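# Working through the structure, step by step
Below are the chains, spelled out letter by letter.
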Amino acid sequence: MTIPRIPKVSIDLLVNNEMRNVVVRPSDTLLRVLREVLGLTGAKPGCENGDCGSCTVLIDGWPMKSCIMLAVEAVNQQITTIEGLKDTPIQNAFLEQWAFQCGYCTPGFIMNCHALVNIHPDANDKVIQEWLESNICRCTGYEEIEAAVKSVLSKQRSDGRYSH
Amino acid sequence: MIPFDFEYYKATSIPEAIYLFQNLFLQGRNPLYYGGGTEIITLARTNRIYTEAVIDIKGIPECNVFAHHDHKLLVGSAVTLTRVSEERLFPLLSRTCSEAADQTARNKITVGGNICGRIIFREAVLSFLLADSDILIAGPSGINKKPIHEIFKQRMRLQRGEFVVQVHTDTDYTKLPFIAVKKRRIGSVGYPVVTIAAMKKEQLVRVAFSGVCAFPFRSHQIETILNDRLTPLETRIERAVRHLPAPLLSNTDASAEYRAFVLKNTLLDVLTALEEV
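What comes next is a walk through the structure.

Thresholds, definitions, all that
- Residues numbered from 1 in each chain as written.
- Chains lettered and ligands numbered in written order.
- Predicted model: local features only at pLDDT ≥ 70, side-chain atom pairs only at ≥ 80, totals over all residues.
- Heavy atoms only, no water.
- Buried < 20%, exposed > 50% of the residue type's maximum accessible area, 1.4 Å probe, protein only.
- Helix = DSSP H or I, 4+ residues; strand = E, 2+ residues; numbered from the N terminus.
- Pairing = 2+ DSSP bridges.
- Contact = heavy atoms within 4.5 Å.
- Buried area = accessible area lost by both parts, 1.4 Å probe.
- Salt bridge = Lys/Arg side-chain N within 4 Å of Asp/Glu carboxyl O.
- Axes fitted to C-alpha atoms, helices over the stretch in contact; angles between N-to-C directions.
- Parallel < 35°, antiparallel > 145°, perpendicular 65-115°, else oblique.
- Left-handed = near helix turned anticlockwise from the far one by under 90°.
- Nonpolar A, V, L, I, M, F, W, Y, C, P; charged D, E, K, R; others polar.
- Phe/Tyr/Trp six-rings, centres within 6.5 Å; stacked < 30°, edge-to-face > 60°.

### Examining the pairing of strand 5 (residues 72–76) of chain B
Residues and elements named next belong to chain B.
- Most of strand 5 is tucked away, with 4 of its 5 residues classed as buried.
- Hairpin remark: strand 4 (residues 66–69) followed by strand 5, antiparallel, with 2 residues in the connecting loop; positive phi at Asp70, about 50 degrees.
- Summarising the sheet, strand 5 and strand 10 (residues 163–170) pair through 5 bridges and their orientation is antiparallel. From the neighbouring strand, Gly76 faces strand 10, where its bridge partner is Gln166.

Dropping the structure here:
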């Protein structure tokens, strides 16, 4: 039986708790669809090779580099972009700790750090370093970013609650 | 952006994946099985790979198994490196997987993708080489289990239409003493200058390498030399390095000469530690 060619497909993506119908090429990366179809430009194209982390979004709460994921793979999964975070502890901590400079890598860092404090509320220095190594910043020295993560972890522990 | 179009099919069973592959192949669409997809996307973006259809195997239940069963550890090919690292059912495998790529990338990279990929380092395979694992392969001729030493020779030798479903490892091997060391040029993310994974079974040391030559390998000849305890350790290492299966890799991370230096020192550390176990 001949399998028909399907140049474009219509898919439903759950982005920031909102169901969005999009028509995409199956070879479109999630990054491209978020930015160019949905207009969510918070996830940044950097290396587009899975190295720099500036395009990081959350898939079912886990950080994922959207440049190395096809949009069609994200069907039936919960996608969270930087636009979906509002007044979260990690965003406030980035401001308080001056954990950014030019800002280009910041959305990716925030998504990664948000997942880190949720998934590993007991993260030690080794775990924090391991997670931060997924993202590249060429302005700051990472210390302020690490301080932001630690301030959220510390506050969560003292409050006895975690942010989900 | 990927500069060409392809179709995407998500298989939910092994027969469906094989059926799709055969039909798409007969239609000249050069199909590829798709696991984590990180390598396919990065190669496609730069036109180093071409396909008109990918068949995602992440929806196949057998490819997502990660558990002990009947005295075997079953690792599905779609299991992510993060899951392997965190669940620690095979501590050596967890260790080598936790050193591949970076934390976020490991959420996407799968065991099957790592061992079948084009990337020359493929560190997930080292543990399976040491543990004499078996590879469960599905293809047009059915589902077959083959010893890893038969199917992995410098790279996975799969026939057209075949894909890896699972890797089976005797549970005993997952409990043996081990060491895994990855030496990079700089930092703690990136490709290795030398990676050595080693385990000790019945007083004999098994050693597998990545980053040393242009492919990962385990050499019985090298192990025989390294286990000759009547010879001083440094002499054994000098002899072993003369029996590498291919020239030492020389690239921007390290020249062949520097690699040899790092290899000898790392072997010394690994063997000293394991011989004391």
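### Things to note about the interface of chain A and chain B
- The partner chain B presents 36 residues to the 33 residues of chain A that form the contact.
- Taking both partners together, chain A and chain B bury about 2900 Å²; carbon and sulfur atoms supply 53% of that area.
- Of all residues in chain A, Ile3, Ile68 and Glu73 of chain A bury the most surface against chain B, accounting for 22% of the area lost on that side.
- Joining chain A to chain B, the criterion identifies 4 salt bridges.
- A salt bridge links Glu73 of chain A to Lys108 of chain B, with the shortest nitrogen-to-oxygen separation between them at 3.0 Å.

### Focus on the packing of helix 10 (residues 233–241) of chain B against helix 11 (residues 256–275) of chain B
All names here are of chain B.
- Between helix 10 and helix 11, the shortest axis-to-axis distance is 10 Å and the interhelical angle comes to 130 degrees. If you check the angle between helix 10 and helix 11, you find them oblique. The handedness of the crossing between helix 10 and helix 11 is right-handed. Of helix 11, the residues touching helix 10 (which contributes Leu233, Glu234, Arg236, Ile237, Glu238 and Val241) are Leu263, Lys264, Leu267, Leu268, Leu271, Thr272 and Glu275.
- Residue classes in the contact of helix 10 with helix 11 are distributed as 7 nonpolar, 1 polar and 5 charged.

### Some details on the pattern of salt bridges
- Tallied over the full model, the rule gives 25 salt bridges over all chains.
- In this structure, Arg32 of chain A and Asp28 of chain A form a salt bridge, with 3.2 Å as the shortest nitrogen-oxygen distance.
- Through salt bridges that share partners, Arg25, Asp28, Arg32 and Glu36 of chain A together with Asp5 of chain B make up one connected network.

### What to know about the packing of aromatic side chains
Residue and element names in this part refer to chain B.
- In total, this model carries 13 aromatic pairs over all chains according to the counting rule given.
- Taking 6.4 Å as the distance between ring centres and 10 degrees as the angle between the ring planes, the aromatic pair formed by Phe21 and Phe25 counts as stacked. Residue Phe21 and its partner Phe25 are both found in helix 1 (residues 14–26); the two are separated by 4 residues, about one turn of the helix.
- When its relative accessible area of 31% is taken as the criterion, Phe25 is described as partly exposed.
- A connected cluster of aromatic rings, assembled from ring pairs, spans Phe21, Phe25, Tyr33 and Phe163.

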